[in-house]
Amino acid sequence: MPSGAPDHKAATFRALHAGPGFVLPNAWDAGSARILEEVGFPAIATTSAGIAWSCGVPDGGALDRDTMLRHVGRIVAAVDVPVTADLEAGYGETAQDVARTVAQAVELGVVGANLEDARAGGLFGIDEATDRIAAARAAAPTATFVLNARTDTYFTGATGDRSDEAISDEAIFDETVERAVRFVEAGADCVFVPGVVEADTIRRLAAAIPGPLNVVAGLANTIDAPTLFSLGVTRVSLGGSLARAALSTLERAGRELLDTGTLTFLDGVIGYADLQRRLGS
């Protein structure tokens, strides 16, 4: 098992955050990671949603830390490009639990991680969320690990209450920026704000957040990557979108087989010999 990522992988991944913007696709198993690497992406992220679905369970904490890390480790071992891991909320109630999770991820050879500021009951309080980021930072060397602090304000609302329709867009924006600033001060290298829909809001967030901004495409918005870069976004990830696309293709193929028995779903697919070649050592 790897014991930390080689320095050149960490440097490569960190340097991407200083560039004009990059797309970070999310793999859910070793095979999907190999295909994405072969396509030419310079780095790959894992998707906790995709990994959960591949295990036949829903996203959102259904898998425990050890199970998730086993899957992450297989992805890291399968590719030569840098891999950053989706660690959800850190798999634990305390900041010390988060630090332990990050330390184990570092040992697997990942070069970064996402950490969320929310759980099933809503957002962590800002002080608690900041403490969790600080603990993660202490567990991972700054020079060799990119800590991506995710805030779910646009999913839960500024108060963490999804049912409160009185929360204004401006209040959510203000709390998002406040959390982002605190997280960067605590050691985050990048800030991840999923759930944003409006292009103007993304532009304002990119201008207000004191660090690279990560936005997920294909979830709440379908804004293309070049447009997101023009708005000031540095890192465009896909979350579970590629896994959803693959599972959707499987469902369509299954329905065709069941309904008509025809094989048009095979039109344009990678041939057996080609796939063997691509995944060969």
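Sequence positions are assigned chain by chain, starting from 1 and proceeding in written order. Note on the predicted model: pLDDT of at least 70 is required for a residue's local features to be given, and 80 or more for side-chain atom pairs to be given and counted; whole-chain, interface and lining totals, by contrast, use all residues. Heavy atoms throughout the structure, all of them, feed into the side-chain values; hydrogens and water do not.

(A) Geometry of the overall build of the protein. The helix and strand labels rest on DSSP assignments: H or I over at least four residues marks a helix, E over at least two residues marks a strand, and numbering proceeds from the N terminus. Counting its regular elements, the protein contains twelve helices and eleven strands. Put simply, the radius of gyration uses C-alpha atoms, and a globule should come to 2.2 Å times the residue count raised to 0.38. A compact globule built from 281 residues should have a C-alpha radius of gyration of about 19 Å, and the protein, at 19 Å, falls within 12% of that. Under the scheme applied here, a residue whose accessible area is under 20% of the maximum for its type counts as buried, over 50% as exposed, and between as partly exposed, the area being computed with a 1.4 Å probe on protein chains only. By residue count, 49% of the 281 residues in the protein fall in the buried class. It only takes one pair of heavy atoms within 4.5 Å for two residues to be counted as in contact. Within the protein, counting contacts between residues at least 6 apart in sequence, those at least 24 apart form 67% of the total. A total of about 12,900 Å² of accessible surface is found on the protein, and carbon and sulfur atoms cover 55% of it. Within the protein, one finds 22 positive and 37 negative side-chain charges whose respective centroids are separated by 5 Å. Using a 1.4 Å probe, the Shrake-Rupley method yields the accessible areas, and only the shown protein chains count as cover for residues. Charged-residue counts in this description rest on Lys and Arg as positive and Asp and Glu as negative, His and the chain ends being excluded. The location of each charge is read from NZ of Lys, CZ of Arg, CG of Asp or CD of Glu.

(B) Structural view of the side chain of Thr130. Mapped onto the secondary structure, Thr130 falls in helix H6 (residues 126-139). Residues within four places of Thr130 in sequence aside, it is in contact with Arg182, Phe183 and Ala186.

(C) View of the nonpolar core. Residues belong to one nonpolar core when they are buried, are Ala, Val, Leu, Ile, Met, Phe, Trp, Tyr or Cys, and are joined through side-chain atoms within 4.5 Å. Counting 40 residues, the largest nonpolar core has Val72, Leu87, Val102, Leu115, Ile133 and Phe145 as its most contacted members. Only helix H2 (30-39), helix H3 (48-54), helix H4 (65-78), strand E4 (83-86), helix H5 (95-108), strand E5 (112-116), H6 and strand E8 (146-150) provide two or more residues apiece to this core. Those residues in contact with Ile133 that lie beyond four places of it in its chain are Leu115, Leu147, Ala149, Phe183, Ala186 and Ala188. Grouped together as the second largest cluster of nonpolar side chains are 23 residues, Phe173, Ile202, Leu213 and Val215 included.

(D) Local environment of empty space enclosed by the protein. Using protein atoms alone on a 1 Å grid, points that fit a 1.4 Å probe yet trap it form a cavity, whereas open point sets bounded by protein on both sides within 12 Å along at least five of seven lines form a pocket; residues with an atom within 4 Å of a point count as lining. Grid points are joined across faces, edges and corners, and a volume is the space filled by probe spheres set on the points. A full pass over the atoms with the stated rule returns two cavities of 30 Å³ or more. Its boundaries defined by the atoms lining it, the largest cavity holds a volume of some 60 Å³. Lining the largest cavity are Ala89, Val98, Leu115, Glu116, Asp117, Phe124, Ala129, Arg132, Ile133, Arg150 and Phe183. Secondary-structure elements contributing two or more residues to the lining of the largest cavity are E5 and H6. If you tally residues by element for the lining of the largest cavity, the top one is H6, at three residues. Each residue receives one of three labels: charged for Asp, Glu, Lys and Arg, nonpolar for Ala, Val, Leu, Ile, Met, Phe, Trp, Tyr, Cys and Pro, and polar for the others, Gly being one of them. By residue class, the composition of the lining of the largest cavity is seven nonpolar, no polar and four charged. Roughly 40 Å³ of volume is contained in the second largest cavity. In this structure, the second largest cavity is lined by Leu24, Asn26, Ala45, Thr46, Thr84, Ala85, Asp86, Asn114, Arg235 and Ser237. Of all the secondary structure elements, the ones that give two or more residues to the lining of the second largest cavity are strand E3 (44-46), E4 and strand E11 (235-237).

(E) Up close: the environment of Val102. With respect to the helices and strands, Val102 occurs in helix H5. The spatial distance from the C-alpha of Val102 to the C-alpha of Thr222 is 31 Å, given a sequence separation of 120 residues. Apart from the residues lying within four places of it in its own chain, the contact partners of Val102 are Leu87, Leu115, Ala136, Ala139, Ala140 and Phe145.

(F) Molecular detail of the pattern of salt bridges. For salt bridges, the criterion is a side-chain nitrogen of Lys or Arg within 4 Å of an Asp or Glu carboxyl oxygen. Enumeration according to the criterion identifies 15 salt bridges in this entry. Linking Arg137 and Asp189 is a salt bridge whose minimum nitrogen-to-oxygen distance equals 2.7 Å. You can see Arg137 sitting in helix H6 and its partner Asp189 sitting in the loop between helix H8 (169-185) and strand E9 (190-192), a full 52 residues away along the chain. Like Asp189, Arg137 is buried. Glu175 is the partner of Arg179 in a salt bridge, and the nearest nitrogen-oxygen pair spans 2.9 Å.

(G) Quick look at a nonpolar patch on the surface. Together, Leu257, Leu263, Leu266 and Val269 give the surface a local cluster of nonpolar side chains, amounting to about 350 Å² of exposed area. Position of Leu263 among the secondary structure elements: in the loop between helix H11 (241-259) and helix H12 (272-278). Two distance rules govern patches: like charges are joined within 9 Å, and nonpolar side chains (Val, Leu, Ile, Met, Phe, Trp, Tyr) within 5 Å, applied only to residues with over 30% relative accessible area and no salt bridge.

(H) Structural detail: the packing of H8 against helix H9 (residues 199-208). Put simply, H8 and H9 touch, their axes get as near as 10 Å, and they point 30 degrees apart. By the angle class used here, H8 and H9 are roughly parallel. Seen along the crossing, H8 lies across H9 with a hand that is right-handed. Listed contacts from H9 to Glu170, Phe173, Thr176 and Val177 of H8 are Thr201, Arg204, Leu205 and Ala208. Between the N-to-C directions of two axes lies an angle of 0 to 180 degrees, each axis being a line fitted to C-alpha atoms and, for a helix, fitted only over the stretch in contact. Reported orientations rely on four angle classes, namely roughly parallel under 35 degrees, roughly antiparallel over 145, roughly perpendicular from 65 to 115, and oblique for the rest. It is the rotation of the near helix from the far one that decides the hand of a crossing: anticlockwise by less than a right angle makes it left-handed, clockwise makes it right-handed.

(I) Expanded view of the packing of H4 against H5. Between H4 and H5, whose axes approach to 10 Å, the crossing angle comes to 25 degrees. Classified by the interaxial angle, the pair formed by H4 and H5 is roughly parallel. Of the two elements, H4 crosses H5, and the hand of that crossing is right-handed. Contacts between H4 and H5 involve Arg65, Asp66, Leu69, Val72, Gly73 and Val76 from the former and Asp97, Arg100, Thr101, Gln104, Ala105 and Leu108 from the latter. Class assignment of the residues belonging to the contact of H4 with H5 gives a composition of five nonpolar, three polar and four charged.

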